[in-house]
Amino acid sequence: MTTLDDLFPSPYLAAADVKNKPVVTIKSFSKKTMKNKQGEEEMKPVLFFNEFEKGMVLNKTNANAIAKLYGKNLDEWIGER
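Residues numbered from 1 in each chain as written. Predicted model: local features only at pLDDT ≥ 70, side-chain atom pairs only at ≥ 80, totals over all residues. Heavy atoms only, no water.

## Here we look at the pattern of salt bridges
Logical step 1: Throughout the structure, instances matching the rule amount to 2 salt bridges.
Logical step 2: Taking the shortest distance from any N to any O, the salt bridge between Lys44 and Glu42 comes out at 3.1 Å.
Logical step 3: Exposure remark for Glu42: the relative accessible area of 28% places this residue in the partly exposed category. (Salt bridge = Lys/Arg side-chain N within 4 Å of Asp/Glu carboxyl O. Buried < 20%, exposed > 50% of the residue type's maximum accessible area, 1.4 Å probe, protein only.)

## Re the sheet that holds strand S2 (residues 41-49)
Logical step 1: Strand order in the open sheet made by the 3 strands is S1-S2-S3, with antiparallel pairing throughout. Among the strands making up the open sheet, the edge pair consists of strand S1 (26-35) and strand S3 (56-57). (Pairing = 2+ DSSP bridges. Helix = DSSP H or I, 4+ residues; strand = E, 2+ residues; numbered from the N terminus.)

## With respect to the environment of Met43
Logical step 1: When you line up the elements, Met43 lands in strand S2.
Logical step 2: Expressed as a C-alpha distance, the spacing of Met43 and Ser30, which sit 13 residues apart in the sequence, is 9.7 Å.

## Considerations on the environment of Tyr12
Logical step 1: Within the secondary structure, Tyr12 sits in the loop between helix H1 (4-7) and S1.
Logical step 2: On the accessibility criterion, Tyr12 (21% relative accessible area) is partly exposed.
Logical step 3: For the pair formed by Tyr12 and Leu69, sequence separation is 57 residues and the distance between their alpha carbons is 23 Å.
Logical step 4: Sequence-distant contacts of Tyr12, defined by excluding residues within four places in its chain, comprise Asp17, Lys32, Met34, Val46, Lys54, Gly55 and Val57. (Contact = heavy atoms within 4.5 Å.)

Laid out in structure tokens, this is it:
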């Protein structure tokens with residue numbers, strides 16, 4: 001069965017890529033240029049994990065949740081699960 005995800009693969013993690021709430025290890029982060037809803041380019045933080053090839057685009061909610069666990073310095077997130 002072909003899905004839309006098969007036809008239009010994303011380089012970033014989507015809910016369909018992550019099942020059963022796996023534990024992941026933060027491998028790295030970077031900033032990527034993306035277009036917002038208005039079509040303007042902006043920099044977005046992306047986290048990468050040992051367990052997935054695709055990265056996760058961080059929104060403010062996810063970033064704050066991780067910061068509560070590991071602090072606001074993203075360098076200190078590397079290696080955390």
